[in-house]
Amino acid sequence: MTLTVGVLALQGGFYEHINLLRKASRQLGPRGQDTKLIEVRNSTELSTCDALVIPGGESTTMALVAAQSGLLEPLRKFVKVDKKPVWGTCAGLILLAEAANDTKKGGQELVGGLAVRVHRNHFGRQVESFITDLSLPFLASSPGQNGSGTPAPYSGVFIRAPIVEALLTSEGSPDSPERSPVEIMGVLPGRRTKATAASTTAPDTKPGEVPKDLGDVIAVRQDNVFGTSFHPELTDDTRIHVWWLDQVVERVGGQWR
Ligand SMILES: NC(=O)CC[C@H](N)C(=O)O
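Calculation notes
- Residues numbered from 1 in each chain as written.
- Predicted model: local features only at pLDDT ≥ 70, side-chain atom pairs only at ≥ 80, totals over all residues.
- Heavy atoms only, no water.
- Helix = DSSP H or I, 4+ residues; strand = E, 2+ residues; numbered from the N terminus.
- Contact = heavy atoms within 4.5 Å.
- Areas by Shrake-Rupley, 256 points an atom, 1.4 Å probe, with all protein chains shown as cover.
- Buried < 20%, exposed > 50% of the residue type's maximum accessible area, 1.4 Å probe, protein only.
- Pairing = 2+ DSSP bridges.
- Near = heavy atom within 4 Å.
- Polar contact = N/O pair within 3.5 Å; in protein donor to acceptor, adjacent residues only side chain to side chain.
- UniProt positions renumbered as here; feature names shortened; annotations may be inferred.
- Arc of directions from axis to C-beta.
- Core = buried A, V, L, I, M, F, W, Y, C linked by side-chain atoms within 4.5 Å.

A. Looking closely at the overall build of the protein chain. From N to C terminus, the protein chain includes 7 helices and 12 strands. Residue pairs at least 24 apart in sequence account for 76% of intrachain contacts in the protein chain once pairs closer than 6 positions are excluded. Approximately 11300 Å² of the protein chain is accessible, and the part contributed by carbon and sulfur atoms is 51%.

See below:
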């Protein structure tokens, strides 16, 4: 049977994700060969998906278009009730957070699924975008990496990127009691420069807050939901796409094969 992986195609870098997912599915060999990649613009298309990527772009715009297309509730169900694998990059990570700081006036709709609070545009405006080498230990378990050694640096593209500024407790996430804790999958050491008052003035780290000396949290996972602040789809490094697709095959594979 075919594994259908959708990429939310309302706005932003969906085409680039599909390209890299296509390469990744080839690299997975027989495990990836029955992967079908589709663009998702409505709830009918979403209902055919086993897993979904929400790309980078503009989270406010994406949420507005999703609301107009009747996709917000189906997306929430896909992530939180059906618990299908979902990966959000940049704006996608913002949409998958339970809470966001520095949203546009009037706030913005979120899909939720990750018990975290993100800080939008943490590093500043478009001109303050940057590319930096990231150390992502989880890539050691990616197919083709032999499960050992330190993976080569990953080139992280940060464009008006958010960070995860807090891990929420059960108050922040009503459905969290039966959920796994949020795993921090990647940090950017020592760049905590533009954090909001809310994230910098607390004298001590409260339970659930990200420790201040950890650096900026730029990749997290909680159960079926994975989020990255940066844009793997804007590189030609397929390692994260291969890693994620492999997890999807593993997770969905039980019912699917
Ligand atoms: N490159 C991006 O996806 C930027 C995200 C953007 N800052 C937002 O709030 O949606």
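Don't stop here, the text continues.
B. Structural view of the pairing of strand S4 (residues 86-89). Covered by surrounding structure in S4 are Val 86 and Gly 88 together with Trp 87 and Thr 89, the residues of both alternating faces. By the bridge criterion, 4 bridges tie S4 to strand S12 (residues 225-228) in an arrangement that is parallel. When the sheet's bridge partners are listed, Thr 89 is paired in S12 with Thr 228.

C. Examining the site of the ligand more closely. Near the ligand you find Gly 56, Gly 57, Glu 58, Ser 59, Cys 90, Ala 91, Ile 94, Arg 120, Asn 121, Ile 159, Arg 160 and His 231, and these make up its full shell. Contact between the ligand and Ala 91: an oxygen atom at 3.0 Å from a main-chain N or O atom of the residue. Here a nitrogen atom of the ligand sits 2.9 Å away from a polar atom, N or O, in the main chain of Ile 159. Relative to its unbound accessible area of 300 Å², the ligand is 98% covered by the protein chains.

D. Here's a closer look at the UniProt feature "active site" (unreviewed entry) in the protein chain. As recorded in UniProt, the sites labelled "active site" (unreviewed entry) are Cys 90, His 231 and Glu 233. The greatest C-alpha distance among the annotated residues, which extend across 144 residues, is 10.7 Å, indicating that they converge on a single site. Cys 90 gets classed as buried once you look at its relative accessible area, which sits at 3%. Apart from residues no more than four positions distant in its own chain, Cys 90 is found in contact with Gly 56, Ile 159, Arg 160, Ala 161, Pro 162, Thr 228, Ser 229, Phe 230 and His 231. Along the chain, the position of His 231 falls in the loop between S12 and helix H7 (239-256). On the basis of relative accessible area, His 231 is assigned to the buried category, the value being 6%. In this structure His 231 touches Gly 56, Gly 57, Cys 90, Val 157 and Ile 159, once residues within four positions along its chain are discounted.

E. Helix H4 (residues 72-81), seen in detail. Among all positions of H4, only Leu 72, Leu 75, Arg 76, Phe 78 and Val 79 are buried. Considered in projection along H4, the buried side chains sweep an arc of 160° and stay on one side of the axis. Exposed residues lying more than 90 degrees from the buried face of H4 are Glu 73 and Val 81. Just past H4, the residue Lys 83 takes up positive phi, approximately 55°.

F. Representation of the nonpolar core. Counting 38 residues, the largest nonpolar core has Leu 136, Phe 158, Ile 218, Ile 240 and Trp 244 as its most contacted members. Setting aside residues no more than four positions away along its own chain, Ile 240 makes contact with Trp 87, Leu 136, Phe 138, Leu 139, Tyr 154, Phe 226, Phe 230 and Pro 232. Core analysis: the next-biggest nonpolar cluster, separate from the first, contains 36 residues, Val 40, Leu 75, Val 86 and Ala 97 among them.

G. Focus on the UniProt feature "binding site: L-glutamine" (unreviewed entry) in the protein chain. Taking the UniProt record as the reference, the feature "binding site: L-glutamine" (unreviewed entry) is found at Gly 57, Glu 58, Ser 59, Arg 120, Ile 159 and Arg 160. The annotated residues occupy 104 residues of the chain but converge on a single region, no pair of C-alpha atoms lying more than 12.7 Å apart. If you trace the backbone, Glu 58 turns up in the loop between strand S3 (51-54) and helix H3 (59-68). A relative accessible area of 13% means that Glu 58 is categorised as buried. Note on placement: Ser 59 falls in helix H3. Apart from residues lying up to four places away in sequence, Ser 59 is in contact with Ala 91, Ile 94, Leu 95, Gln 108 and Arg 120.

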